[in-house]
Amino acid sequence: MTTTAKGYAALSPTSKLQPFSFERRAPREDDVAISIKYCGVCHSDIHQARDEWGNAAFPMVPGHEIAGVVTAVGANVTKFKAGDHVGVGCFVDSCTTCKTRNVDLEQYMPGLVQTYNSVEADGRTSTQGGYSDSIVVKEGYVLSIPDNLPLDAAAPLLCAGITLYSPLNHWKAGPGKQVAIVGLGGLGHMGVKIAHAMGADVTVLSQTLSKREDGLRLGASHYYATNDASTFEKLAGTFDLIICTVGAAIDWNQYINLLKVDGSMVIVGIPDGAVPPVSAFGLVGARRSLAGSMIGSIKETQEMLDFCGKHDIVSDIEVIRIQDINEAFERVVKSDVRYRFVIDMASLAQ
Ligand code: NAP
Ligand code: ZN
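About the thresholds
Residues numbered from 1 in each chain as written. Chains lettered and ligands numbered in written order. Predicted model: local features only at pLDDT ≥ 70, side-chain atom pairs only at ≥ 80, totals over all residues. Heavy atoms only, no water. UniProt positions renumbered as here; feature names shortened; annotations may be inferred. 1 Å grid on protein atoms, 1.4 Å probe; cavity = no way out; pocket = protein on both sides within 12 Å on 5 of 7 lines; lining within 4 Å. Points joined across faces, edges and corners; volume = space filled by probe spheres on them. Nonpolar A, V, L, I, M, F, W, Y, C, P; charged D, E, K, R; others polar. Helix = DSSP H or I, 4+ residues; strand = E, 2+ residues; numbered from the N terminus. Buried < 20%, exposed > 50% of the residue type's maximum accessible area, 1.4 Å probe, protein only. Polar contact = N/O pair within 3.5 Å; in protein donor to acceptor, adjacent residues only side chain to side chain. Expected span 1.5 Å × (residues − 1). Contact = heavy atoms within 4.5 Å. Near = heavy atom within 4 Å. Areas by Shrake-Rupley, 256 points an atom, 1.4 Å probe, with all protein chains shown as cover. Domains from an automatic or database assignment. Donors = N, O, S within 2.8 Å, 3.2 Å for Na, K, Ca; no water. Salt bridge = Lys/Arg side-chain N within 4 Å of Asp/Glu carboxyl O.

Where an unreviewed UniProt entry is consulted, the protein chain appears under the name Putative zinc-type alcohol dehydrogenase-like protein, with the organism given as Janthinobacterium psychrotolerans. The Cofactor (unreviewed entry) comment attached to the protein chain in UniProt states, word for word, "Zn(2+)".

Participant: An account of empty space enclosed by the protein is needed here, citing residue identities and associated values.
Facilitator: Rolled over the atoms, a probe with the dimensions of a water molecule shows which regions are left empty. Within the structure shown, the criterion is met by one cavity of 30 Å³ or more. Here the largest cavity defines a volume of roughly 60 Å³. What lines the largest cavity is Gly89, Cys90, Phe91, Leu143, Leu158, Ile162, Ile295, Gly296, Ile298 and Thr301. Here the lining of the largest cavity is composed, by residue class, of seven nonpolar, three polar and no charged.

Participant: Explain the environment of Ser132 to me, and be specific about the residues and the numbers.
Facilitator: Structurally, the position occupied by Ser132 is in the loop between strand 7 (113-114) and strand 8 (134-138). The exposure class of Ser132 is buried, given its relative accessible area of 0%. Taking the C-alpha atoms as reference points, Ser132 and Ile343, separated by 211 residues in sequence, lie 9.7 Å from one another. Side chain to side chain, Ser132 and Arg24 meet in a polar contact 3.1 Å long.

Participant: Account for the layout of surface pockets, with residues named and values stated.
Facilitator: Estimated volume of the second largest pocket: approximately 370 Å³. Taken together, 21 residues make up the lining of the second largest pocket; nearest its centre are Arg25, Glu120, Thr125, Thr127 and Val136. Those elements that provide at least two residues to the lining of the second largest pocket are strand 2 (18-24), strand 6 (91-93) and strand 8. Ranked by the residues each element gives to the lining of the second largest pocket, the list is headed by strand 8, at four residues. Per-class residue counts for the lining of the second largest pocket are seven nonpolar, six polar and eight charged.

Participant: Can you tell me about helix 4 (residues 186-197), naming the residues and giving the values?
Facilitator: The terminal C-alpha atoms of helix 4 lie 17 Å apart, and with 12 residues this matches the ideal 16 Å at 1.5 Å per residue to within 8%. Most of helix 4 is tucked away: 10 of the 12 residues are buried. Buried residues along helix 4 sit against helix 3 (160-170), strand 10 (178-182), strand 11 (201-206), helix 5 (212-218), helix 9 (298-311) and strand 17 (340-344). Where helix 4 ends, the next residue or the one after it, Gly199, has phi of about 100°, a positive value.

Participant: Outline the site of ligand 1, listing residues and values.
Facilitator: Around ligand 1, the surrounding shell holds 29 residues, and the nearest of these are His43, Leu184, Ser206, Lys211 and Arg340. Measuring from an oxygen atom of ligand 1, one finds a backbone N or O atom of Leu187 at 2.8 Å. Considered on its own, ligand 1 offers 910 Å² of accessible surface; in the complex 89% of this is hidden by protein. Contributing elements (two or more residues each) for the shell around ligand 1: helix 1 (43-49) and helix 4. Taken together, domain 1 (3-159 + 316-349) and domain 2 (160-292) each give at least three residues to the shell around ligand 1, which thus spans both.

Participant: Describe unusual backbone geometry, naming the residues involved and giving the relevant values.
Facilitator: Residue Pro59 follows Phe58 across a cis peptide bond; omega there is -5°. The residue Pro59 is located in the loop between helix 1 and strand 4 (66-73) in this model. In this structure, the amide linkage connecting Arg338 to the following residue, Tyr339, adopts the cis form with an omega of -5°. Of note, Tyr339 is situated in the loop between helix 10 (325-333) and strand 17. The residue Asp262 is not glycine, and still its phi comes out positive at about 70°. Within the secondary structure layout, Asp262 lies in strand 14 (residues 259-267).

Participant: Hey, could you go over the coordination of the zinc ion (ligand 2) for me, with residue numbers and the actual values?
Facilitator: Only Cys42 (SG), His64 (NE2) and Cys159 (SG) from the protein reach the zinc ion (ligand 2) as donors, at distances of 2.0 to 2.2 Å. All donors of the zinc ion (ligand 2) belong to a single chain; written as a sequence motif, their spacing is C-x21-H-x94-C. Placement of Cys42 in the loop between strand 3 (31-40) and helix 1 and of His64 in the loop between helix 1 and strand 4 is noted, with a sequence separation of 22 residues between them. Of the two residues examined, Cys42 and His64, each falls in the buried class.

Participant: Residues and numbers for the pattern of salt bridges, please.
Facilitator: Note that side chains of opposite charge can pair when their charged atoms are close. All chains considered together, the criterion is met by 16 salt bridges. As a salt-bridge pair, Asp214 and Arg217 come within 3.4 Å of each other at their nearest N and O atoms. Residue Asp214 and its partner Arg217 are both found in helix 5; the two are separated by three residues, about one turn of the helix. When its relative accessible area of 52% is taken as the criterion, Arg217 is described as exposed. Across the salt bridge formed by Asp214 and Arg338, the nearest N and O atoms sit 3.4 Å from each other. Linking Asp214 in helix 5 with Arg338 in the loop between helix 10 and strand 17, this pair joins segments that are 124 residues apart in sequence. Judged by its relative accessible area of 15%, Asp214 falls in the buried class. Put simply, Lys193, Asp214, Arg217, Asp316 and Arg338 are held in one network by salt bridges that share partners.

Okay, structure coming up:
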């Protein structure tokens, strides 16, 4: 039997989020039913609810930083039981026949089913996300949240955490590496914490110095303002790895020039408009790479959660009621959040 879930949805790109009821499927034999306790507010939720990337489908219940408690499991589920602390990130299914599935890069394969704003493998059923009180997800897409991490502050690990962990891991941030994080927002502040825990020397490149103390507390050793042109002269040729989390169309050329020979700049922020053309000179003159990265596989997401459990890493959060979600969206857009809003789903009952 399906259950009626309560949540908040955008009904169009211009409407505010509002209360919305919808059906969740009855758990199948490989499903885990989850009571959602908290859900982080990612800037991607705003991009999609406002149709800034195109292809948005409405009504849309956003939310892909889901933390909750298992309420029931299907007969074939072996990894989870009722009462377990679990998370769900940006996708809930993927192509299982594709041979590349075996290399644990399912986030890059066609057939990925996103947690919301997507259609399930049946080709019909719209997925709906975590700004709601419950969700039913295949066991293989459910993550285990270490017991020492509080569920509210762990929720943002499911997107912000893995989105930074994956490139830091892939491009081998660690002792002796100079790593810069561009933008100290939801993604950026997780990047500072994780890169520091990996042993890298971390620099924050923020628009202003207003969050400098926070940046240093989170684990950065250096902090520079990008509204000061001298920053780009002082830091030329400094970094092994730059991760850009900015979701606005900034000039990447300035940052590419801050890389050492063989350095890499990895784009994780997804601008809502075209960025200025990238000059070949900045890349070819120092064998530099410009790359992109998107979230992480289920295997790597679990590895990230275990790493965060071991190092006691969670997000710095401001817990909100779901009734305040529209104001929270406005504040994220204005970079007025330190450093992730997390919705307390108990507020849905109010
Ligand atoms: P966020 O909390 O809004 O943080 C973005 C930060 O970028 C801001 O805090 C701000 O930092 C900086 N910034 C904003 N506007 C800027 C501008 N005009 N010029 C320069 N810097 C600016 O957003 P988020 O949730 O971290 O997400 C960031 C981006 O990543 C979004 O585009 C989101 O859709 C995308 N994303 C990508 C993935 C992926 O898998 N690749 C996953 C999740 C999210 P300062 O105040 O420090 O300058
Ligand atoms: Zn996200």
